[in-house]
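This is what each chain is made of:
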Amino acid sequence: MRVVKKPEERRAEMVAAAAKLFAQQGFVRTSVAEIVSAVDVAKGLFYYYFTTKDDMVKAVVEGYCSYLGTVAQQIADGEGDGCEKFARLMEHEAWQQCFTAPLTADLCLPQHAALYTDMCDRVYTHMRPALEQMAAQALREKGADEREAGRLVGVGLYGLLMLARRGEMTMEQAREMVGRLIGSELRAA
């Protein structure tokens, strides 16, 4: 017998189940049937909350990007100089997964370019405030104009995400590029 739950609770359960499956096998290899089976609900309920599987992907990505933003803000508000903060962020497990998760690999496929662009927008929206704070701090510490932090973050973050999508940017190369952008070498934390 199925348990009746509030709609927002049931939706969150489905998103959590999908996130787990997507992290293990990507969204291309995950079926709607697997998602609903994981939470023991009828397939029709999936379509009550999500028009398509792409909508589910967006919901999972939104949760992940929100988490990344929270991690980035905690680092930005923490101890250390701007360069140390960037290094800690780039070494954080959540950021590392951006380059290695099966979900990200699926998003990088040419047929999913719209979903990848959506993900980039979500990463930028959630991470921008913390990244601008860290960039302004790093620029200030180097005696540079911290008013450039916003543009630096925008160009840098979108550039890194696009190069990563094309397979032209490793984590080490990303660390070096960020260091060059803020005028300092970033060492692994």
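From a predicted model like this one, the values you see are computed outputs, not experimental measurements.

## Overview of the pattern of salt bridges
Part 1 of the reasoning: All chains considered together, the criterion is met by nine salt bridges.
Part 2 of the reasoning: For the salt bridge of Lys 5 with Glu 13, the shortest nitrogen-to-oxygen distance reads 2.3 Å.
Part 3 of the reasoning: With a relative accessible area of 23%, Glu 13 lands in the partly exposed category.
Part 4 of the reasoning: Close ionic contact of Arg 128 with Glu 132 constitutes a salt bridge, the shortest N to O distance being 3.6 Å. With Arg 128 and Glu 132 both in helix α8 (residues 113-141) and four residues apart, this pair spans about one turn of that helix.
Part 5 of the reasoning: Arg 128 gets classed as partly exposed once you look at its relative accessible area, which sits at 30%.
Part 6 of the reasoning: The network of salt bridges with common partners includes Lys 5, Arg 10 and Glu 13.

## Things to note about unusual backbone geometry
The phi angle of most residues is negative, glycine excepted, and most peptide bonds adopt the trans form.
Part 1 of the reasoning: In this structure, Asp 40 takes a positive phi of about 55° despite not being glycine.
Part 2 of the reasoning: Tracing the sequence through the fold places Asp 40 in the loop between α2 (32-39) and α3 (43-49).
Part 3 of the reasoning: A residue is classified by how much of its surface remains accessible, and Asp 40, at 47% relative accessible area, is partly exposed.

Reading the values: rules and limits
- Residues numbered from 1 in each chain as written.
- Predicted model: local features only at pLDDT ≥ 70, side-chain atom pairs only at ≥ 80, totals over all residues.
- Heavy atoms only, no water.
- Salt bridge = Lys/Arg side-chain N within 4 Å of Asp/Glu carboxyl O.
- Buried < 20%, exposed > 50% of the residue type's maximum accessible area, 1.4 Å probe, protein only.
- Helix = DSSP H or I, 4+ residues; strand = E, 2+ residues; numbered from the N terminus.

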